[in-house]
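As a plain string of letters, each chain reads:
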Amino acid sequence: MRGKAPWQVLISLSALALILLLVSPGTGGAQYIGREPERLTALAGEAGRAEDDPIETARLQRASALVKDGKSAVALAELGPADEHDSLQLRYARVLVTLHAEADLQFPKLRANLAVSLRADPLFRDAFDVWLGLNPSKPELVAYLAELKSRSGPVAAWQRAEVQLRLGDAREAVRALQGIGESDRGVFSRADRVVARARFQLKEDDAGQAVYYGLLDRLDETTASLLFRDIAAIASAAERQEFASLGLEAKAAFFRRFWTARHPVPVQEHNPRLAEHYRRLAQALNDYTLQSNGRGYFTDLEVFRSFSPKLPYFDSKIVFDDGQASRYWLDPRGLLLVRHGESERQFGRRHVAGTEPAESWLISRYRSRPLLYHFVKRAPVGEWTLALNLAVAATRNAAATDDPEKILPELSPSVVPLYESRQTLHSIYQQVRDARSLSDFGRLLRDESELTAAFVTAALAFDSTGYYTKDNTLPLAVSVVNLYAGGKPAIEVHFEADLSELDVRKLGEAPSLQATVMLYDRDWATLRQREQKTFPLQPPVGGKFKGFLGGVLLTDLEPEEYRLTLVVSQPDSGRVGLARGGHEVTYVPDRSLGVSDLVLLRQPRAKSKKGTDQTDTSAPWFPAPQRVVSDDAPIAIEFELYNVQPDEFGQARYEVEERILTLYEEPGFFGKLANYANLAGQMFFPLYTFVGQVGTMVVSQAAASETDGLTMEKRVEEEAPASTINEKVRVDLQTLKPGVYTVYVTVRDLHTREVVSRFLTFQVA
């Protein structure tokens with residue numbers, strides 16, 4: 001501010017406060033509109049005192065009144081065309097009015113008004129942040145870069161690097177910042193943020209991560225806001241709320257915790273998710289930025305609904321919330337790219353005549369359900385939106401009311417080609433294509449909406465890595481059990497890794513699995529315990545490994561909620577298995593009866609020489625985390641008892657009752673026959689047919705009450721007093737049909753009369 005008059009200093013500070021408000025974390029277009037129009041009046045007052053310019057003061061006062069009346073576009077005309085010789089008051093008044101402008105005012109106009117301020121003072125940092133955050137076009141970036149080349153100093157170098165990075169020249173961006181050191185404190189942190197992003201784009205991930213975490217050690221408030229803007233698209237609502245309430249030191253810890261929680265393999269120092277996020281973000285900013293002022297997303301829900309597709313099966317709120325949660329000026333395709341990565345297959349690149357442009361993305365996830373999304377570029381909104389129905393693309397001339405009787409007949413015949421081109425994605429698209437009546441068409445659109453809404457909800461609930469595939473992943477089944485070890489609270493992690501696809505030729509002479517368990521506190525801030533074990537693999541039979549079962553014990557835990565990560569790696573093949581989740585550890589009160597979680601065990605069944613099945617009594621019992629068993633091997637339920645109190649004779653006496661209840665049992669021949677009869681009857685009778693009403697369907701379902709299922713007899717045990725007693729309940733699968741069952745174990749201390757119950761659900765295949 002050196003060399004400026006006092007009034008200029010005051011106005012500059014006011015403008016700075018305004019711009020900082022615009023770039024603060026958590027702000028989006030919804031916050032830009034309708035906020036504090038009285039700032040214009042304040043600017044007018046400053047203009048009158050400082051320059052005694054009654055004409056400019058009057059223009060600002062009239063503009064202020066127009067904004068208050070909701071006439072922002074007229075107010076902008078009142079302020080006149082932008083000119084680089086304008087006063088500070090007029091330049092920032094245009095920015096403010098533009099942010100309050102009506103829907104027909106586009107981003108290029110807003111960027112142009114900001115560019116006026118930048119031409120007057122190209123090194124003004126906060127105006128530059130706002131301008132860059134509004135995703136200027138490539139010609140605008142090139143023009144501003146040419147202007148910056150005539151400037152020198154650390155601020156100019158930082159801005160050149162930002163523009164070059166946005167233009168895709170990451171190496172030149174790094175080169176531009178080589179002269180910036182700690183002495184240039186004003187831009188040092190911002191420059192490091194550029195370097196980290198550039199290293200990630202160059203796939204120099206280790207170097208980028210080192211710069212990123214080093215930046216957190218010298219974080220300032222402005223850079224913290226920019227770093228949060230980088231991750232806003234994948235942050236949860238709770239994380240966004242938490243960040244807004246933190247001080248500067250706590251924000252640095254927040255970023256470390258944020259990326260620890262998303263580290264796919266925490267035993268490795270390198271975090272591939274961090275690097276991948278910034279590469280995804282760069283691609284999204286290049287390919288999928290908004291081109292309008294975003295009114296379709298960022299005003300309020302009712303305004304968005306007024307622009308929403310005219311189909312009663314479209315939930316506008318889901319799409320609106322999706323845009324509001326992001327805080328990016330990206331269309332939904334960009335948001336999905338940042339959260340879930342590149343789509344495996346895309347449909348609709350060729351525009352179908354008579355419809356709005358529409359795309360469908362299929363995003364695959366290994367060993368998990370794929371994600372499917374539809375996007376339609378809708379004229380009223382002026383941008384791409386998520387759509388729950390492809391038919392939205394044909395509602396260009398639909399009636400204004402959400403009345404299916406008026407809407408469905410008006411849909412263009414080109415809806416059929418839209419669904420036909422996607423018929424391989426799901427059977428429902430084939431059914432829509434072949435619909436023969438409006439009632440069928442409407443019913444199928446409802447079904448499609450429910451299907452797609454589940455995918456949209458999944459997109460908002462989590463983000464994914466997308467770089468683990470069948471070739472480098474060991475699928476895991478994992479269960480965590482609360483128990484005691486040496487009288488101290490502990491958890492035991494059981495896992496089963498699928499080794500059937502390992503290539504034996506690529507393994508060493510003594511192949512093994514390495515299991516690492518890490519236990520964090522509930523917010524991923526602190527690593528509480530870590531344990532690593534090596535398990536030799538069983539020799540392959542017929543060139544194939546059997547599924548492997550292991551266990552890892554963590555002891556001496558405080559009673560609280562934890563976050564747990566299990567990494568199982570096979571060093572010779574390079575495959576990794578990952579599992580993450582939460583678990584709560586509680587104490588068993590002293591002298592109170594306690595029962596551990598139940599563990600499902602199985603035992604291999606050996607074949608005799610005559611070919612008959614025989615139980616191998618010498619074989620060990622293994623945990624079965626998948627809880628899916630078959631009748632070719634015996635199973636057992638294991639648990640521990642704690643603090644069974646001795647009676648007057650010095651003996652611990654307790655009663656154990658085990659009951660297996662049938663949740664679902666596959667029907668036999670007659671049950672299946674009744675099912676077929678019921679389905680056939682529904683072709684001729686509405687609702688429930690007489691077949692179902694007379695009760696023939698109950699053979700396929702058993703209620704979980706005390707009188708149903710298989711009840712095992714109670715037994716009374718007498719043991720020497722001990723803090724921990726091991727129990728095992730054997731289950732004869734030969735008596736159980738295929739289905740889903742729940743085992744209830746109830747233990748009664750016959751001395752204190754205390755009762756504790758536990759249950760476990762498993763499936764017989």
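Everything numeric here is computed off the predicted structure, so don't read it as measured data.

A. Structural context of unusual backbone geometry. Phi is positive for Trp 524, close to 65°, though the residue is something other than glycine. Following the sequence through the fold, Trp 524 ends up in the loop between strand S7 (512-521) and strand S8 (527-536). With a relative accessible area of 13%, Trp 524 lands in the buried category. One non-glycine residue with positive phi stands out, namely Arg 753, at about 65°. Here Arg 753 is to be found in the loop between strand S23 (739-749) and strand S24 (755-764).

B. View of helix H10 (residues 154-166). Over its 13 residues, H10 extends 18 Å from the first C-alpha to the last, a length consistent with the 18 Å expected when each residue adds 1.5 Å. Summarising burial for H10: 11 of the 13 residues are buried, a large majority. Directly after H10, the chain includes Gly 168, whose backbone phi takes a positive value near 95°.

C. Representation of the sheet that holds S7 in the model. Pairing is antiparallel across the open sheet formed by 4 strands, whose spatial order is S8-S7-S10-S11. If you trace the sheet from one side to the other, it starts and ends with S8 and strand S11 (575-584), each paired once. If you compare each strand with its neighbour and ignore which way they point, the axes differ by 15° on average. Examined bridge by bridge, S7 and strand S10 (residues 561-570) share 8 bridges and lie antiparallel to one another. Residue pairing for S10: Tyr 520 is matched across the bridge by Arg 563.

D. Structural detail: the environment of Ile 428. Residue placement: Ile 428 occurs in helix H24 (residues 427-433). The exposure class of Ile 428 is buried, given its relative accessible area of 7%. Put simply, Ile 428 and Leu 451 are 23 residues apart on the chain and 9.4 Å apart in space, counted from C-alpha to C-alpha. Discounting chain neighbours no more than four positions away, the residues touching Ile 428 are Leu 444, Asp 447, Glu 448 and Leu 451.

E. Structural view of the packing of aromatic side chains. One pass over the full model with this rule turns up 21 aromatic pairs. Members of the aromatic cluster, each reached through a chain of ring pairs, are Phe 228, Phe 243, Phe 254, Phe 255, Phe 258 and Trp 259. Seen from the ring of Phe 243, Lys 251 lies directly overhead, with NZ or CZ sitting 4.9 Å from the centre.

F. Geometry of the nonpolar core. Tyr 212, Leu 227, Phe 255, Tyr 373 and Tyr 419 are the most contacted members of the largest nonpolar core, which totals 66 residues. Ranked by residues supplied to this core, first place goes to helix H25 (residues 438-461) with 9 residues. Counting 28 residues, the second largest nonpolar core, distinct from the first, contains Val 629, Val 743, Val 756 and Val 764.

G. Up close: the environment of Glu 356. With respect to the helices and strands, Glu 356 occurs in the loop between strand S1 (345-347) and strand S2 (358-365). Judged by relative accessible area, which is 8%, Glu 356 ranks as buried. Between the C-alpha atom of Glu 356 and that of Ala 391, which follows or precedes it by 35 residues, the distance is 9.8 Å.

H. Structural detail: the side chain of Ser 479. Looking at the secondary structure, you find Ser 479 in strand S5 (residues 476-485). Note on Ser 479: relative accessible area 13%, which makes it buried. If we skip the residues at most four places from it in the chain, Ser 479 touches Glu 492, Val 493, His 494 and Pro 625.

I. Highlighting the environment of Pro 721. On the secondary structure map, Pro 721 appears in the loop between strand S21 (715-719) and strand S22 (724-731). Exposure remark for Pro 721: the relative accessible area of 45% places this residue in the partly exposed category. Note: C-alpha distance between Pro 721 and Gln 645 (76 residues apart in sequence) is 7.1 Å. Every residue in contact with Pro 721, bar those within four places of it in the chain, is listed here: Pro 646, Gly 650 and Ala 652.

J. Representation of helix H21 (residues 332-340). The buried fraction of H21 is high, at 9 of 9 residues. Of the positions making up H21, those classed as buried are Pro 332, Arg 333, Gly 334, Leu 335, Leu 336, Leu 337, Val 338, Arg 339 and His 340. A positive phi of about 90° marks Gly 341, the residue just after H21.

K. Seen up close, the packing of helix H17 (residues 272-287) against H21. Running from N to C, H17 and H21 cross one another at 165°; their axes reach a closest spacing of 8 Å. For the element pair H17 / H21, the angle class is roughly antiparallel. Regarding H17 and H21, the two cross each other, and that crossing is right-handed. Contacts between H17 and H21 involve Arg 273, His 277, Arg 280, Leu 281, Gln 283 and Ala 284 from the former and Gly 334, Leu 337, Val 338, Arg 339 and His 340 from the latter. Residues of the contact of H17 with H21, tallied by class, amount to 4 nonpolar, 4 polar and 3 charged.

L. Region of interest: the pairing of S23. One ladder, built from 10 bridges, connects S23 with S24; its direction is antiparallel. Counterpart to Thr 746 in the pairing with S24 is Ser 757.

M. Highlighting the pattern of salt bridges. Evaluated as defined, the whole model comprises 30 salt bridges. A salt bridge links Asp 230 to Arg 193; its shortest N-O distance comes to 2.9 Å. Of this pair, Asp 230 sits in helix H14 (residues 221-231) while Arg 193 sits in helix H12 (residues 185-201); the two residues are 37 residues apart in sequence, bridging distant segments of the chain. Of the two residues, Asp 230 and Arg 193, neither departs from the other in class, the shared state being buried. Linking Arg 433 and Asp 434 is a salt bridge whose minimum nitrogen-to-oxygen distance equals 2.9 Å. Note on Asp 434: relative accessible area 36%, which makes it partly exposed. Within the structure, one salt-bridge network assembled from shared partners comprises Glu 162, Arg 193, Arg 197 and Asp 230.

N. Looking closely at the side chain of Thr 223. Counting through the fold element by element, Thr 223 comes out in helix H14. Other than its neighbours up to four places away in sequence, Thr 223 contacts Ser 189, Arg 190 and Leu 215.

Basis of the calculations
Residues numbered from 1 in each chain as written. Predicted model: local features only at pLDDT ≥ 70, side-chain atom pairs only at ≥ 80, totals over all residues. Heavy atoms only, no water. Helix = DSSP H or I, 4+ residues; strand = E, 2+ residues; numbered from the N terminus. Buried < 20%, exposed > 50% of the residue type's maximum accessible area, 1.4 Å probe, protein only. Expected span 1.5 Å × (residues − 1). Pairing = 2+ DSSP bridges. Axes fitted to C-alpha atoms, helices over the stretch in contact; angles between N-to-C directions. Contact = heavy atoms within 4.5 Å. Phe/Tyr/Trp six-rings, centres within 6.5 Å; stacked < 30°, edge-to-face > 60°. Lys NZ or Arg CZ within 6 Å of the ring centre and 35° of its normal. Core = buried A, V, L, I, M, F, W, Y, C linked by side-chain atoms within 4.5 Å. Parallel < 35°, antiparallel > 145°, perpendicular 65-115°, else oblique. Left-handed = near helix turned anticlockwise from the far one by under 90°. Nonpolar A, V, L, I, M, F, W, Y, C, P; charged D, E, K, R; others polar. Salt bridge = Lys/Arg side-chain N within 4 Å of Asp/Glu carboxyl O.

All we've got here are geometric facts, nothing functional implied.
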